[in-house]
Amino acid sequence: MYICTGIINATESLFDYSFNGLAVTWEDFYDPDFSPMLDITFSDPAIEKQAREICKDDPFCLYDIAATGDVAVGESTFIGSENLEMITGLLMPGKKTLLLYL
């Protein structure tokens with residue numbers, strides 16, 4: 001597992017944490033106990049079943065549902081991936097395609 005060794009402190013940060021007059025500090029964003037989700041792991045078997053029906057084998061879709069527990073988030077990812085693939089295919093050199101925007 002990857003371990004972050006480049007953690008900085010508030011005085012080393014290059015960012016300005018002021019936000020619309022709110023008293024926000026570097027410490028508000030620093031969580032030493034944070035552990036990123038690196039694997040697609042479902043905590044609810046019912047959501048996993050829905051995810052696999054919607055996402056098929058799309059790892060981005062599956063990850064988004066596993067990470068958020070929200071099927072709609074993964075479904076949006078899946079649709080976005082399909083649209084990107086379609087657009088990329090349409091824009092390949094040598095293709096003569098008429099795109100209609102409705």
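Use the structure listed above.
Each value, and the rule that gives it
- Residues numbered from 1 in each chain as written.
- Predicted model: local features only at pLDDT ≥ 70, side-chain atom pairs only at ≥ 80, totals over all residues.
- Heavy atoms only, no water.
- Phe/Tyr/Trp six-rings, centres within 6.5 Å; stacked < 30°, edge-to-face > 60°.
- Buried < 20%, exposed > 50% of the residue type's maximum accessible area, 1.4 Å probe, protein only.
- Axes fitted to C-alpha atoms, helices over the stretch in contact; angles between N-to-C directions.
- Helix = DSSP H or I, 4+ residues; strand = E, 2+ residues; numbered from the N terminus.
- Parallel < 35°, antiparallel > 145°, perpendicular 65-115°, else oblique.
- Left-handed = near helix turned anticlockwise from the far one by under 90°.
- Contact = heavy atoms within 4.5 Å.
- Nonpolar A, V, L, I, M, F, W, Y, C, P; charged D, E, K, R; others polar.

Peer 1: Before we go on, may I ask you to explain the packing of aromatic side chains in this structure?
Peer 2: When we look at a pair of aromatic rings, we describe it by the centre distance and by the angle of the planes. The tally for this structure, following the rule as stated, stands at 1 aromatic pair. Summarising the aromatic geometry, the rings of Trp26 and Tyr30 are spaced 4.8 Å apart at their centres and angled 15 degrees between planes, so their arrangement reads as stacked. Residue Trp26 is classed as buried on the basis of its relative accessible area, which comes to 14%.

Peer 1: Is there a simple way to think about the packing of helix α1 (residues 45-55) against helix α3 (residues 71-90) in this case?
Peer 2: Look at α1 against α3: their axes get within 10 Å of each other, and the N-to-C directions meet at 15 degrees. As the angle between them shows, α1 and α3 are arranged roughly parallel. Seen from above, α1 lies across α3 with right-handed handedness. Here α1 contributes Ile47, Gln50, Ile54 and Cys55 to the contact with α3, which in turn contributes Val71, Glu75 and Phe78. Of the residues contributing to the contact of α1 with α3, the split by class is 5 nonpolar, 1 polar and 1 charged.

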